[in-house]
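Spelled out from the first residue to the last, the chains are:
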Amino acid sequence: MDVHEVLDTWGETVVQAHGRGQVVLYRYADDVVSGCEREEDARRISEVLPQRFATYGLAINTEKTTVVRCGRPQRPSAAHQPGTFSLRGFVHYWGKTWRGSYTIKRKTEGKRLRRTLGEVWRWCRDNRHRAPQAQYVLLGAKLRGYYQYDGVRCNSPCLDLVYDAATRAWRYWLNRRGGRKMTGRACGRMMAAYPLPRPKIVQGWVECRGGPGNAEQLG
């Protein structure tokens, strides 16, 4: 059974039509987030959706399914601050723009960021036997691929962290090629000759104006 029919069509024809407030549903492959203006709608969807999936022999990851109150912040001192949720490797959270208004921002999820940092270190270690130019081409391609997906607005700190980690790891393992250490000047010249691509924001700004007050994250 197609997930489009099980979830998307049902959401448009049933959930949105019978919700007490505004209800929106976003799906990326098998990851889903539904946004509900009223908490009672979010709770109702959380109860009914597993039953609908079970009817078609499908199951929901209950460990990743939760109801999160994430309406726009009213004021910094408010007792109940909006929650966050993760989708497709990004944490979504409310933050301020340079103009002082609120918008939903994204940053790389912590566990995925740590995994990327570990992979960069291991790659530099395992490929140190290659010629520096070959390492430069391959490592540069890896970084550009990372920027292509994670280069979203407001995620610059994570991009900078990956770039700095890659630079340090590459320098460290270049300095240990063949069991011999390079002088600091020689290593610096090599790094200057092969500069790694700098972080780049490649995905445009998406600002949320208004929107539902509760989001239900479904695994």
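To start, this report covers the structure provided alongside it. (Residues numbered from 1 in each chain as written. Predicted model: local features only at pLDDT ≥ 70, side-chain atom pairs only at ≥ 80, totals over all residues. Heavy atoms only, no water.)

## A word on the nonpolar core
Inference 1: Core analysis: the largest hydrophobic core is formed by 20 residues, its most contacted members being Cys124, Leu139, Leu143, Tyr146, Tyr147, Trp170 and Leu196.
Inference 2: Here this core gets 9 residues from one element, more than from any other, and that element is helix 5 (residues 156-174).
Inference 3: If sequence neighbours within four positions are ignored, Tyr147 has contacts with Leu159, Tyr163, Pro197, Arg198, Pro199, Lys200 and Val202.
Inference 4: By size, the runner-up hydrophobic cluster in this structure holds 12 residues, among which are Val6, Leu7, Val15 and Leu49. (Core = buried A, V, L, I, M, F, W, Y, C linked by side-chain atoms within 4.5 Å. Buried < 20%, exposed > 50% of the residue type's maximum accessible area, 1.4 Å probe, protein only. Helix = DSSP H or I, 4+ residues; strand = E, 2+ residues; numbered from the N terminus. Contact = heavy atoms within 4.5 Å.)

## Brief notes about the packing of aromatic side chains
We describe a pair of aromatic rings using the distance from one ring centre to the other and the angle between the two ring planes.
Inference 1: Counted under the stated rule, the structure contains 7 aromatic pairs.
Inference 2: Measuring from ring centre to ring centre gives 5.5 Å for Phe90 and Tyr149, while their planes differ by 20°; the resulting arrangement is stacked. Taken together, the positions of Phe90 in strand 5 (residues 90-96) and Tyr149 in helix 4 (residues 132-150) put the pair 59 residues apart, joining distant regions of the chain.
Inference 3: Accessibility expressed as a relative area gives 38% for Tyr149, which makes it partly exposed.
Inference 4: With 6.2 Å between their ring centres and 65° between their planes, Tyr146 and Tyr147 make a pair best called edge-to-face.
Inference 5: Exposure remark for Tyr146: the relative accessible area of 8% places this residue in the buried category.
Inference 6: Accessibility expressed as a relative area gives 3% for Tyr147, which makes it buried.
Inference 7: Three or more aromatic residues joined by ring pairs make a cluster, and in this case those are Trp121, Tyr172 and Trp173.
Inference 8: For Arg106, the ring lying beneath its charged end belongs to Phe90, and the centroid distance is 5.6 Å.
Inference 9: Its guanidinium or amino end placed over the ring of Phe90, Arg112 lies 5.4 Å from that ring's centre, counting from NZ or CZ. (Phe/Tyr/Trp six-rings, centres within 6.5 Å; stacked < 30°, edge-to-face > 60°. Lys NZ or Arg CZ within 6 Å of the ring centre and 35° of its normal.)

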